[in-house]
Amino acid sequence: QVQLVESGGGLVQPGGSLRLSCVASGNIFKGNTMGWYRQAPGKQRELVSTIISNGRTDYADSVKGRFTISRDNAKNAVYLQMNSLKSDDTAVYYCNRYLPPDWPDSWGQGTQVTVSS
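Residues numbered from 1 in each chain as written. Predicted model: local features only at pLDDT ≥ 70, side-chain atom pairs only at ≥ 80, totals over all residues. Heavy atoms only, no water.

J.: Would you take a moment to explain the state of the cysteines for this structure?
T.: When the sulfur atoms of two cysteines share a covalent bond, that bond is a disulfide. One pass over the structure, following the stated rule, counts 1 disulfide. At a sulfur-sulfur separation of 1.7 Å, the disulfide partner of Cys-22 is Cys-95. Within this pair, whereas Cys-22 is found in strand S3 (residues 18-24), its partner Cys-95 is found in strand S9 (residues 91-97), the two being separated by 73 residues in sequence. Cys-95 gets classed as buried once you look at its relative accessible area, which sits at 0%. (Disulfide = S-S within 2.5 Å. Helix = DSSP H or I, 4+ residues; strand = E, 2+ residues; numbered from the N terminus. Buried < 20%, exposed > 50% of the residue type's maximum accessible area, 1.4 Å probe, protein only.)

J.: What exactly am I supposed to notice about the sheet that holds S9 here?
T.: Strand pairing in a sheet takes place through backbone hydrogen bonds and is either antiparallel or parallel in direction. In space, the 6 strands of this open sheet follow the order S2-S10-S9-S4-S5-S6, with mixed pairing throughout. Because the sheet does not close on itself, it has two edges, and the strands there are strand S2 (10-12) and strand S6 (57-59). Averaged over all pairs of adjacent strands, the angle between strand axes in this sheet comes to 25 degrees, irrespective of strand direction. Strand direction decides the pairing type here: strand S4 (residues 34-39) and S9, joined by 6 bridges, are antiparallel. Looking at S9, one finds that Trp-36 is bridged to Cys-95. (Pairing = 2+ DSSP bridges. Axes fitted to C-alpha atoms, helices over the stretch in contact; angles between N-to-C directions.)

J.: Hey, could you run me through the sheet that holds strand S1 (residues 4-7) in this one?
T.: The strand order across the open sheet formed by 4 strands is S1-S3-S8-S7, and the pairing between neighbours is antiparallel. Edge strands, defined here as strands with exactly one partner in the open sheet, are S1 and strand S7 (67-72). The average undirected angle you get between the axes of adjacent strands in this sheet is 15 degrees.

J.: Could you clarify how one ought to interpret the nonpolar core in this entry?
T.: A general tendency of soluble globular proteins is for nonpolar side chains to be buried together. In terms of nonpolar packing, the biggest core is built from 26 residues, with Met-34, Trp-36, Phe-67, Val-78, Leu-80, Met-82 and Tyr-93 touching the most fellow members. Breaking this core down by element, the ones donating at least two residues are S3, helix H1 (26-29), S4, strand S5 (46-51), S7, strand S8 (77-82), S9 and strand S10 (111-115). A total of 4 residues in this core trace back to one element, the largest contributor, which is S3. Setting aside residues no more than four positions away along its own chain, Val-78 makes contact with Leu-20, Ser-21, Cys-22, Phe-29, Met-34, Trp-36, Ile-51, Ile-69, Ser-70, Arg-71 and Cys-95. (Core = buried A, V, L, I, M, F, W, Y, C linked by side-chain atoms within 4.5 Å. Contact = heavy atoms within 4.5 Å.)

J.: Whenever I open this one, the packing of aromatic side chains confuses me. Can you help?
T.: Centre-to-centre distance and the angle between the planes together describe a pair of aromatic rings. With the rule as written, the count across this model stands at 4 aromatic pairs. When the centroid spacing of 5.8 Å and the interplanar angle of 75 degrees are considered together, the rings of Tyr-94 and Trp-107 count as edge-to-face. Here the residue Tyr-94 occupies a position in strand S9, and Trp-107 occupies one in the loop between S9 and S10, the gap between them amounting to 13 residues. The exposure class of Tyr-94 is buried, given its relative accessible area of 10%. Ring centres 6.5 Å apart and planes at 40 degrees place the aromatic pair Trp-103 and Trp-107 in the tilted group. The exposure class of Trp-107 is partly exposed, given its relative accessible area of 25%. Pairwise contacts between aromatic rings join Tyr-37, Tyr-94, Trp-103 and Trp-107 into one cluster. The ring of Tyr-94 is capped by Arg-45, whose NZ or CZ atom sits 3.9 Å from the centre of that ring. A cation over an aromatic ring shows up here: Arg-71 above the ring of Phe-29, its NZ or CZ 4.3 Å from the ring centre. (Phe/Tyr/Trp six-rings, centres within 6.5 Å; stacked < 30°, edge-to-face > 60°. Lys NZ or Arg CZ within 6 Å of the ring centre and 35° of its normal.)

Take a look at the structure:
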């Protein structure tokens with residue numbers, strides 16, 4: 001059974017910071033590359049960042065230098081530290097496995113991030 005619980009979203013002013021958290025069931029997390037995704041209103045879901053089980057990370061160009069992904073393998077958790085937030089970062093954020101070229105077919109509820117003054 002897929003279990004993903006995201007948290008940490010909220011309303012923040014441009015330039016502010018948020019830290020998202022995700023706890024995943026063991027069958028999703030252990031040994032797998034995890035990713036943070038986001039979906040803005042009227043747009044397709046997009047990949048924001050990934051982290052391999054050994055800690056290697058990658059980022060979309062739009063967030064590089066502002067977001068930092070990390071994971072705690074003992075807690076089956078993945079985090080996304082978001083700094084210097086912009087209005088374009090407004091979206092629902094989800095975590096899940098990274099399964100290129102496929103997309104996961106089951107998702108958690110996500111966490112809403114709204115960047116607005």
